[in-house]
Amino acid sequence: MAKSPETEHPLKVVGWATRDASGVFSPFKFSRRATGEHDVQFKVLYCGVCHSDLHKAKNEWGNARYPLVPGHEIVGEVTEVGSKVEKVKVGDKVGVGCMVGSCRQCDQCTNDLENYCSKMILTYNAVYTDGTITYGGYSNLMVADEHFIVRWPDNFPLDAGAPLLCAGITTYSPLRYFGLDKPGMNIGVVGLGGLGHVAVKFAKAFGAKVTVISTSINKKKEAIEKLGADLFLVSRDPEEMKSAAGTLDGIIDTVSAHHPILPLLGSLKPHGKMVLVGVPEKPLELPAFPLLSGRKLIAGSGIGGMKETQEMIDFAAKHNILPDVEIIPVDYINTAMDRLAKSDVKYRFVIDIANSLKAE
Ligand code: NAP
Ligand code: ZN
């Protein structure tokens, strides 16, 4: 008979899980593997709450495996390392983002693009190489291969920094890869949530002029005064969108729900690039005419490789780029998810795991 999640491995772990598509979280006991020779074990201190956690918890992408323990913006302190680990030592601060495994041999892996490896293993809701299900950072203890561990920069805040492990790399990587990181460029950021507000910060750090395109007029003042955005457009206001026609070199679209992309394509310059990073439940409509008039490009981007993730964290620490977070105890997660669904968070919930999730 197959063992239960609580007994299949030696390390006892407590977390919070959803058991079905209702998306309601409750405490859940499971286990993790003993620290292997290439593994790093760490006590989880903080974990960010990504909209992907909500999509998955509610099975909006149709691939949920329950019980499901989300969390892929995980930071903590190393408690044990395997005999062959070189990257970190006990007591070091570390992070784990969206993936914990890949084949390490294919063209993608050997080019530091583990995120595009066909055998990439996600931090939660995936099947690990030993056949067991992966569980994320809404839990008190983590074990991961050192290759997928990020070294945390000295004196860089762990709580506010945690969301960089997903929201950070997911926006940093396309800005870099698509050449949208040149000073003076006009960059649009669609959706001012967890990913969007970090995109604004990176684009500003690269020297861009940033236009936020949002449905929430109540985010305007802060977007300009606090986040440093240069312009704010209400996406549902056709006049405002028309005023921006043909002005943007690139767009990072972080929207989590179905939305019209025609007005967004209209705001691109000729040769402008629109990169989708948000993953709405239903397909978007892609009109051909506005793309071909102006040879515009539409693309997608998914997180980033480990080398680039480390580069992004080091860049963020150097330039003091930190997400704006609301710190919550783990038993607030159901309320937090309801608020996240309504775009009611400025701009990322981060769970204070160490102070609110006690191992029994
Ligand atoms: P989030 O904090 O909820 O932000 C999404 C934003 O989208 C909201 O704040 C809202 O911004 C806007 N929005 C929501 N509903 C909308 C609607 N009906 N029409 C137009 N705009 C709407 O979520 P997040 O954590 O940033 O994640 C955003 C998306 O990226 C999710 O789908 C997530 O799964 C995906 N994601 C992808 C990757 C990747 O590798 N590509 C990685 C992480 C996350 P305004 O209030 O400003 O309108
Ligand atoms: Zn995420």
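What comes next is a walk through the structure. Fair warning: this is a prediction, and the values are worked out from it, not measured in the lab.

**Things to note about the overall build of the chain**
In terms of regular secondary structure, the chain is built from 12 helices and 17 strands. What you see for the chain is a C-alpha radius of gyration of 20 Å, in line with the 21 Å of a compact globule of 360 residues. Expressed as lengths along the three principal axes of its C-alpha atoms, the size of the chain is roughly 60 × 40 × 35 Å. In the chain, which comprises 360 residues, the share counted as buried stands at 55%. Once local pairs closer than 6 in sequence are excluded, the contacts in the chain between residues at least 24 apart make up 66%. Roughly 15400 Å² of accessible area belongs to the chain as shown, and the carbon and sulfur atoms make up 53% of that amount. Charge centroids of the chain, computed over 40 positive and 41 negative side chains, lie 3 Å from each other.

**Structural notes on the pattern of salt bridges**
Taken as a whole, this structure holds 18 salt bridges when the rule is applied. One salt bridge in this structure joins Lys201 and Asp324, with 2.7 Å as the shortest N-O distance. You can see Lys201 sitting in helix α5 (residues 194-205) and its partner Asp324 sitting in the loop between α10 (306-318) and β16 (325-328), a full 123 residues away along the chain. Summarising the burial analysis for this pair, Lys201 and Asp324 share the class buried. Across the salt bridge formed by Asp249 and Lys269, the nearest N and O atoms sit 3.1 Å from each other. Here Asp249, found in strand β13 (residues 248-253), pairs with Lys269, found in strand β14 (residues 268-276); they are 20 residues apart in sequence, far enough to count as distant. Exposure remark for Lys269: the relative accessible area of 27% places this residue in the partly exposed category.

**Regarding the sheet that holds strand β10 (residues 186-190)**
If you trace the 6 strands from one edge of the open sheet to the other, you get β12-β11-β10-β13-β14-β15, paired in parallel fashion. Single-partner strands in this sheet number two, and they are β12 (231-234) and β15 (297-300). Strand-to-strand twist across the sheet, computed as the mean angle between neighbouring axes with direction ignored, equals 20 degrees. Direction of pairing for β13 relative to β14: parallel, over a ladder of 5 bridges. The residue bridging Leu248 from the neighbouring strand is Leu268, located in β14.

**With respect to the packing of aromatic side chains**
For the structure on display, the rule yields 13 aromatic pairs. Here Trp152 and Phe156 contribute two aromatic rings whose centre-to-centre distance is 5.7 Å and whose plane-to-plane angle is 35 degrees, an arrangement assigned as tilted. When sorted by exposure, Trp152 lands in the same class as Phe156, which is buried. Considering the side-chain rings of Tyr177 and Phe178, the 4.9 Å spacing of their centres and the 90 degrees angle between planes classify their relative orientation as edge-to-face. When its relative accessible area of 13% is taken as the criterion, Phe178 is described as buried. Every member of this aromatic cluster is reached through a ring pair, and the members are Tyr172, Phe202, Phe206 and Phe315.

**Overview of the coordination of the zinc ion (ligand 2)**
At the metal site, the zinc ion (ligand 2) is ligated by Cys50 (SG), His72 (NE2) and Cys166 (SG), and these contacts range over 2.0 to 2.2 Å. Expressed as a motif, the donor residue spacing for the zinc ion (ligand 2) is C-x21-H-x93-C. A residue pair is termed long-range when its members are at least 10 positions apart, and His72 in the loop between α1 (51-57) and β4 (74-81) and Cys166 in the loop between α3 (158-161) and α4 (167-177) qualify at 94 residues. Summarising the burial analysis for this pair, His72 and Cys166 share the class buried.

**Focus: the nonpolar core**
Within the largest apolar cluster, 55 residues are counted, with the highest numbers of intra-cluster contacts made by Leu164, Leu175, Leu180, Val200 and Phe202. Put simply, the parts of the chain that give this core at least two residues each are β3 (39-49), α3, α4, β10, α5, β11 (209-214), β12 and α10. Per-element tally for this core: the top contributor is α5, with 6 residues. No fewer than three residues from each of domain 1 (11-166 + 324-356) and domain 2 (167-300) sit in this core.

**Section: the environment of Val88**
For Val88, the location among the structural elements is in the loop between β4 and β5 (93-96). Looking at Val88, the relative accessible area reads 6%, which means it is buried. Sequence separation of Val88 and Val40 is 48 residues, and the distance between their C-alpha atoms is 8.0 Å. With near-sequence residues (within four places) excluded, Val88 lies in contact with Val40, Val78, Val81, Val94, Ile149 and Arg151.

**Observations regarding the site of ligand 1**
Surveying the vicinity of ligand 1 reveals 32 residues, the closest of which are Ser214, Thr215, Ser216, Lys219 and Arg348. Here an oxygen atom of ligand 1 and a side-chain polar atom of Ser214 are 2.6 Å apart. One nitrogen or oxygen atom from the main chain of Ser301 is found 2.9 Å from a nitrogen atom belonging to ligand 1. Protein contacts shield 91% of the accessible area of ligand 1, which totals 920 Å² for the unbound molecule. Listed by contribution, the elements that provide at least two residues to the shell around ligand 1 are α1 and α5. Broken down by element, the shell around ligand 1 gets its largest block of residues, 3 residues, from α1. Residues that form the shell around ligand 1 fall into these classes: 11 nonpolar, 18 polar and 3 charged. Here the shell around ligand 1 spans two domains, since at least three of its residues come from each of domain 1 (11-166 + 324-356) and domain 2 (167-300).

Basis of the calculations
Residues numbered from 1 in each chain as written. Chains lettered and ligands numbered in written order. Predicted model: local features only at pLDDT ≥ 70, side-chain atom pairs only at ≥ 80, totals over all residues. Heavy atoms only, no water. Helix = DSSP H or I, 4+ residues; strand = E, 2+ residues; numbered from the N terminus. Rg over C-alpha atoms; globule rule 2.2 N^0.38 Å. Buried < 20%, exposed > 50% of the residue type's maximum accessible area, 1.4 Å probe, protein only. Contact = heavy atoms within 4.5 Å. Areas by Shrake-Rupley, 256 points an atom, 1.4 Å probe, with all protein chains shown as cover. Lys, Arg positive; Asp, Glu negative; His and termini not counted. Charge placed at Lys NZ, Arg CZ, Asp CG, Glu CD. Salt bridge = Lys/Arg side-chain N within 4 Å of Asp/Glu carboxyl O. Pairing = 2+ DSSP bridges. Axes fitted to C-alpha atoms, helices over the stretch in contact; angles between N-to-C directions. Phe/Tyr/Trp six-rings, centres within 6.5 Å; stacked < 30°, edge-to-face > 60°. Donors = N, O, S within 2.8 Å, 3.2 Å for Na, K, Ca; no water. Core = buried A, V, L, I, M, F, W, Y, C linked by side-chain atoms within 4.5 Å. Domains from an automatic or database assignment. Near = heavy atom within 4 Å. Polar contact = N/O pair within 3.5 Å; in protein donor to acceptor, adjacent residues only side chain to side chain. Nonpolar A, V, L, I, M, F, W, Y, C, P; charged D, E, K, R; others polar.

Everything listed here is a matter of geometry and, on its own, says nothing about what the molecule does.
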